[in-house]
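Commentary on secondary and tertiary structure
Take a look at the letters that make up each chain.
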Amino acid sequence: MPAVDGIGGPLAATLSRPERIFPALTAAQIARIAPHGRHRAITAGEVLVEVGQQPVPFFVVLSGEIEILRPSAATEAVMITQRASQFTGEGTMLTGRRALTRIRAVEDGAVIEVDRERLIGLIQTDAELSAIFMRAFILRRVELIAGGYGDVVLIGSMHCAGTLRVKEFLTRNGHPFHYIDLDRDADAQDLLDRFHVTAADVPVLICRGDAVLRNPGNQQIADCLGFNAGIDRTHVRDLVIVGAGPAGLAAAVYGASEGLDVLVLESNLPGGQAGSSSRIENYLGFPTGISGLDLTGRAYAQVQKFGAQVMVAKGAAKLACAPPLYAVHLEDGGRIEARALIIASGAQYRKPALANLSQFEGAGIYYAASRMESQLCAGEEVAIVGGGNSAGQAAVFLAETARHVHLLVRKDGLAETMSRYLVRRIEEHPAITLRTRTELVALDGDRHLEHVQWRESGTGVIETHGIRHLFLMTGAVPNTAWLDGCVALDERGFIKTGPDLSPDDLTTARWPLTRSPYLLETNRPGVFAVGDVRCGNIKRVASAVGEGSIAVAFVHQVLRH
Ligand SMILES: Cc1cc2nc3c(=O)[nH]c(=O)nc-3n(C[C@H](O)[C@H](O)[C@H](O)COP(=O)(O)OP(=O)(O)OC[C@H]3O[C@@H](n4cnc5c(N)ncnc54)[C@H](O)[C@@H]3O)c2cc1C
């Protein structure tokens with residue numbers, strides 16, 4: 001039953017502006033698509049795309065009607081129907097991953113069928129079609145996520161670190177899932193008990209309707225869902241980028257859009273640290289701020305639009321330094337060769353040396369303050385450790401929902417470490433108490449953090465507070481252990497580049513060229529370092545993005561010679 005002109009199915013009825021998500025193409029637009037595909041007939045009942053299929057072709061309906069079917073329902077459920085001038089596809093067209101829905105012809109008719117590769121080519125060259133397709137694909141994926149449509153069911157508890165991790169992994173990968181909360185659904189708990197699923201097995205993930213994974217690692221989930229299945233590891237890439245934070249994603253956008261064959265390796269989640277930021281207010285062009293998830297989610301889509309490939313949950317374990325080719329050894333034992341390399345592996349927050357800290361990670365201890373965490377501590381007292389901008393932002397953000405926020409810093413004040421606008425907001429906020437010269441000394445609780453102790457260093461007085469939510473934002477350690485001495489590092493382990501490299505650094509690496517290293521180049525020709533991992537970098541999203549894009553200009557120079 002059509003809900004609006006030409007669009008039918010239950011999903012259409014729930015959408016606010018279905019004509020934006022399921023637009024009709026004009027005759028002129030269809031004529032521009034036609035040379036990129038093949039005209040073919042369809043017959044009623046014919047399955048055009050099967051769930052799990054990879055790669056997924058794209059269809060423009062010329063006549064007749066097709067339906068998009070929900071995959072995991074016990075009985076088949078039609079989500080949407082499409083008629084003449086409308087087209088198929090959602091986020092999968094950009095990612096190259098497996099199909100989440102079945103597409104079937106309802107009536108006899110005709111379509112234009114376009115391969116994914118050719119569609120990506122068309123998106124890169126036709127600005128008008130690119131805008132229509134990108135908007136439709138992204139909004140359709142948003143609807144799938146919002147409706148929990150997809151091939152994954154996650155059963156877990158919001159008080160379990162593993163559940164938060166898996167939810168974040170699926171969310172940052174833009175993968176829809178249906179979540180069953182054990183704390184609210186007693187029947188689900190009974191079911192798990194009957195199958196002898198213990199607390200240590202939670203969360204349970206039912207993947208693609210059959211595989212049951214107990215407390216799976218991110219790599220296991222990526223393998224089961226085929227996130228990296230379409231990526232060829234054998235051919236030598238122009239450019240391999242290690243790390244998919246803002247620096248790596250920016251390098252990938254510029255590299256791929258300028259014609260380089262780019263592969264990004266990400267050991268964990270696309271988006272990096274920035275992806276976990278609740279609100280980035282100082283990034284150019286977003287006067288009202290933007291969440292890290294939104295910003296990096298858009299960047300991730302842009303990377304895929306330009307045809308760069310991203311391997312997730314597969315980190316670089318070692319770099320083999322043998323110019324002119326570099327080989328990155330992967331955590332799973334494979335290796336990828338490249339003519340140029342950009343290291344954008346970022347840095348990680350420091351953790352206070354408290355013996356039972358890991359016991360409460362995800363169960364009261366957090367390293368990011370996004371909307372998800374703010375919901376967990378609504379109406380409660382929270383403590384934040386750290387005096388930098390991220391701690392300040394978290395304090396202001398959490399104070400919107402928490403009963404009270406205690407900000408603990410070792411120094412006498414915030415002036416040296418935090419932007420002035422944030423210091424002022426903290427000082428003026430009635431729900432934030434700044435506790436200077438204060439150090440965390442103990443944590444206590446059972447399955448969840450219940451009490452926090454801190455000491456005021458001047459008086460030596462230890463206070464105990466009934467605080468169940470603690471945010472640690474205490475500086476960064478670079479992710480450079482995997483480089484295994486291949487490039488020069490400073491005394492804190494950050495990568496030295498360009499003018500920071502000493503003559504000794506060049507001699508040690510037997511620098512073979514008459515020119516000096518470029519601005520962001522390490523002491524290995526063609527190996528660049530950008531973003532938080534680079535010595536002297538200003539730890540901001542804008543710096544990371546700027547450095548990632550600048551490095552690509554130097555990559556071109558290296559590849560030309
Ligand atoms: C909570 C929070 C709030 C922040 N708010 C702001 C803000 O408002 N404004 C601002 O300008 N900055 C902010 N920052 C800082 C900003 O996020 C960082 O400066 C920025 O993310 C750095 O980008 P990057 O790409 O260099 O590194 P990262 O974002 O750290 O990304 C590095 C990526 O590399 C991956 N990686 C690591 N090792 C490997 C390996 N061996 N193989 C493959 N991949 C690997 C990591 O998993 C990660 O995804 C904030 C940071 C945090 C944590």
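A brief report on the enclosed structure follows. Everything quoted here is computed from the prediction, not taken from an experiment.

**Description of the overall build of the protein**
Counting its regular elements, the protein contains 16 helices and 30 strands. Expected size for 561 residues packed as a compact globule is a radius of gyration near 24 Å; at 25 Å, the protein falls within 12% of this value. The dimensions of the protein, computed from C-alpha atoms along their principal axes, are 80 × 70 × 45 Å. Here the protein holds 561 residues, and 53% of them are scored as buried. Within the protein, contacts between residues at least 6 apart in sequence are counted, and of these 66% link residues at least 24 apart. Counting every atom, the protein has about 24,400 Å² of accessible surface; 52% of that belongs to carbon and sulfur. Within the protein, one finds 55 positive and 61 negative side-chain charges whose respective centroids are separated by 4 Å.

**Here we look at the sheet that holds strand β27 (residues 462-465)**
Strand order across the open sheet formed by 3 strands is β25-β26-β27, with antiparallel pairing between neighbours. The open sheet has two edge strands with one neighbour each: β25 (438-445) and β27. Sheet twist, expressed as the average angle between the axes of neighbouring strands with direction ignored, equals 20°. Looking at chain direction, strand β26 (residues 449-456) and β27 are connected through 4 bridges and run antiparallel. Looking at β27, one finds that V452 is bridged to H465.

**Remarks on the packing of aromatic side chains**
Any two aromatic rings considered together are summarised by their centre-to-centre distance and by the angle between their planes. Tallying each qualifying case throughout the model produces 11 aromatic pairs. Taken together, a centroid distance of 5.8 Å and an interplanar angle of 40° make the contact between F58 and F87 tilted. On the criterion of sequence distance, the pair formed by F58 in strand β5 (residues 58-63) and F87 in the loop between β7 (77-82) and α4 (92-95) is long-range, its members being 29 residues apart. For the residue pair F58 and F87, the accessibility class agrees, reading buried in each case. With a centroid separation of 6.4 Å and an interplanar angle of 80°, the aromatic rings of F87 and F137 are classed as edge-to-face. Of this pair, F87 sits in the loop between β7 and α4 while F137 sits in helix α6 (residues 127-146); the two residues are 50 residues apart in sequence, bridging distant segments of the chain. Accessibility assignment for this pair places F87 and F137 in one class, buried.

**Details of the sheet that holds β5**
Spatial ordering of the open sheet is given by β3-β9-β5, a layout of 3 strands whose pairing is antiparallel. Looking at strand neighbours, the two that pair on one side only are β3 (38-42) and β5, the edges of this open sheet. Here the strands of the sheet are splayed against their neighbours by 30° on average, with no regard to which way each runs. Bridging between β3 and strand β9 (residues 109-114) involves 5 bridges; their strand directions are antiparallel.

**Some details on the pairing of strand β22 (residues 381-385)**
For β22, the buried fraction is high: 4 of the 5 residues fall into the buried class. Sheet topology places β22 next to strand β23 (residues 404-408); 5 bridges connect them, and they run parallel. Bridged to A383 within β23 is H406. With helix α13 (residues 389-398) bridging β22 and its parallel neighbour β23, the resulting β-α-β unit is right-handed.

**Description of the packing of helix α10 (residues 246-257) against helix α16 (residues 541-560)**
Axis separation between α10 and α16 bottoms out at 7 Å; the angle between their running directions is 35°. Crossing hand, α10 versus α16: right-handed. For the pair formed by α10 and α16, the contact residues are P246, A247, A250, A251, Y254 and G255 on the first element and V541, A544, V545, G548, S549 and V552 on the second. Looking at the contact of α10 with α16 residue by residue, the class counts come to 9 nonpolar, 3 polar and no charged.

**Re the side chain of Q304**
Summarising the element assignment, Q304 is placed in helix α11 (residues 292-305). Residues in contact with Q304, not counting those within four places in the same chain, are L94, T95 and I120.

**Focus: the site of the ligand**
Of all residues adjacent to the ligand, which total 35 residues, the nearest are E266, Q273, Q393, D532 and V541. Between the ligand and S345 there is a distance of 3.4 Å, counted from an oxygen atom to a backbone nitrogen or oxygen. Protein contact buries 93% of the 1,000 Å² of open area that the ligand shows by itself. Of all elements in the fold, only α10, β20 (347-349), α13 and α16 reach the threshold of two or more residues within the shell around the ligand.

Rules used throughout
- Residues numbered from 1 in each chain as written.
- Predicted model: local features only at pLDDT ≥ 70, side-chain atom pairs only at ≥ 80, totals over all residues.
- Heavy atoms only, no water.
- Helix = DSSP H or I, 4+ residues; strand = E, 2+ residues; numbered from the N terminus.
- Rg over C-alpha atoms; globule rule 2.2 N^0.38 Å.
- Buried < 20%, exposed > 50% of the residue type's maximum accessible area, 1.4 Å probe, protein only.
- Contact = heavy atoms within 4.5 Å.
- Areas by Shrake-Rupley, 256 points an atom, 1.4 Å probe, with all protein chains shown as cover.
- Lys, Arg positive; Asp, Glu negative; His and termini not counted.
- Charge placed at Lys NZ, Arg CZ, Asp CG, Glu CD.
- Pairing = 2+ DSSP bridges.
- Axes fitted to C-alpha atoms, helices over the stretch in contact; angles between N-to-C directions.
- Phe/Tyr/Trp six-rings, centres within 6.5 Å; stacked < 30°, edge-to-face > 60°.
- Right-handed = clockwise from strand over helix to strand, strands pointing away.
- Left-handed = near helix turned anticlockwise from the far one by under 90°.
- Nonpolar A, V, L, I, M, F, W, Y, C, P; charged D, E, K, R; others polar.
- Near = heavy atom within 4 Å.
- Polar contact = N/O pair within 3.5 Å; in protein donor to acceptor, adjacent residues only side chain to side chain.

Just geometry here; none of it tells us what the structure is for.
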